[in-house]
Amino acid sequence: MYDKLLPELREAFARLPEFHLPEDLEKARRNPMPEYQPSPEVIISDHTITGAGGQPMLVRIYQPASRDSSQRPAVLWIHGGGYVMGHPGYDDNLCRDFVLAAGCVVVSPDYRLAPEHPYPAGLEDCYSALVWMTESAKELSIDLRRVAIGGASAGGGLTAALALLARDRGGPSICFQMPLYPMIDDGNTTPSSYEITDARVWNRENNIAAWKMYLGDLEGADVPPYAAPSRAAELAGLPPTYTCVGQLDPFRDETIEYVARLARAGVDVEFHLYPGCYHAFEHADPNAETSQRCRNEYVQAMARALR
């Protein structure tokens, strides 16, 4: 894999530690969050809401510092982590950038994680957060015509699942979805799912382990499309979509197939494939030119969609 990497990504890639699931899960959950670079134009606050099943759930809210009477677009941003780790705080800088670029409100839920809470706990928590966000539109100054959802990796999988769930439950209304390099196929049968075995990045071994933890006792035909969106029989009626993936990502082929199926279903979709790039490369090596370009492209895509 190393010889296929984009040259500018090789130095940082070589320093990445190996990571194996499930044995390294608790260690990974303790990884420090990136240092937040505050902006005087963005206010961050934490709130506790009622999640699925009446359980309390933290949501982190990012808002423009300038308070006026105008209604703003909103984004429900879902953090990644293979359905088994992560926290909204890992994406503080990214959510800040969404606020700065789009003038939007961002709500990020601290949804329950597997294996302690397998499917559908995390998805139902995200749906509860979406409902809460839209029902709090007056307090948050949200324009309900401009509500988007997004996330990366498992957050992208939850985004795709949430779009299906909101469509099939008749709301809340979503104007745009951004499932970045989404984790949507539990089958692990695509060529790219076999290609990536290097333990320094998200690979076949970790993906199989994470899906087992997320699905619990579900397997085979019992796995619903809301758990693994690649299983959805019908994608018509989903919101306009932006997604991207690295060419060296195990999710490459499932993402490409998802994009093709969206297009065939009449859904407007924009897709970017980054050659020589691995899973979540823009977070692992944020200073690389291709990382900055990738991140800027999806931040600006969100801003365009919300205008």
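Preceding block: the structure.
In this report, we go over the structure that sits alongside the text.

Here is what the cut-offs are and how they apply
- Residues numbered from 1 in each chain as written.
- Predicted model: local features only at pLDDT ≥ 70, side-chain atom pairs only at ≥ 80, totals over all residues.
- Heavy atoms only, no water.
- Salt bridge = Lys/Arg side-chain N within 4 Å of Asp/Glu carboxyl O.
- Helix = DSSP H or I, 4+ residues; strand = E, 2+ residues; numbered from the N terminus.
- Buried < 20%, exposed > 50% of the residue type's maximum accessible area, 1.4 Å probe, protein only.
- Contact = heavy atoms within 4.5 Å.
- 1 Å grid on protein atoms, 1.4 Å probe; cavity = no way out; pocket = protein on both sides within 12 Å on 5 of 7 lines; lining within 4 Å.
- Points joined across faces, edges and corners; volume = space filled by probe spheres on them.

This part is about the pattern of salt bridges. What the rule picks out here adds up to 19 salt bridges. Between Arg96 and Asp97 there is a salt bridge whose closest N-O contact spans 2.8 Å. Two residues, Asp143 and Arg145, come together in a salt bridge whose shortest N-O distance is 3.0 Å. Connected through salt bridges with shared partners, the residues Glu26, Arg29 and Glu116 form a single ionic network.

Within the secondary structure, Ile49 sits in strand S1 (residues 42-50). Looking at Ile49, the relative accessible area reads 7%, which means it is buried. A C-alpha to C-alpha distance of 7.8 Å links Ile49 and Trp132, two positions 83 residues apart in sequence. Sequence-distant contacts of Ile49, that is, excluding residues within four places in its chain, are made with Gln55, Pro56, Met57, Val59, Ala129 and Trp132.

Here we take up empty space enclosed by the protein. Using a probe with the size of a water molecule, rolled over the atoms, empty space left in the structure can be pinpointed. Inspection of the entire model under this criterion finds one cavity of 30 Å³ or more. A volume near 30 Å³ is recorded for the largest cavity. For the largest cavity, the full set of lining residues is Tyr83, Tyr111, Arg112, Leu113, Ala114, His117, Gly122, Leu158 and Tyr214.

Below, the discussion takes up unusual backbone geometry. Of note, the amide linkage connecting Ala114 to Pro115 takes the cis form, showing an omega dihedral of 5°. You can see Pro115 is positioned in the loop between strand S4 (105-109) and helix H4 (121-135). For the bond from Gly171 to Pro172, the omega torsion is 0°, close enough to zero to count as cis. Locating Pro172 in the fold gives a position in the loop between helix H6 (154-169) and strand S6 (176-180). You will see that Tyr83, though not glycine, has its phi angle at about 70°, which is positive. Considering the arrangement of structural elements, one finds Tyr83 in the loop between strand S3 (72-78) and helix H3 (92-102). The class of Tyr83 is buried, set by a relative accessible area of 2%. Despite not being glycine, Asn188 shows a phi value in the positive range, around 55°. As for its position among the elements, Asn188 is in the loop between S6 and helix H7 (191-195). Accessibility expressed as a relative area gives 6% for Asn188, which makes it buried.

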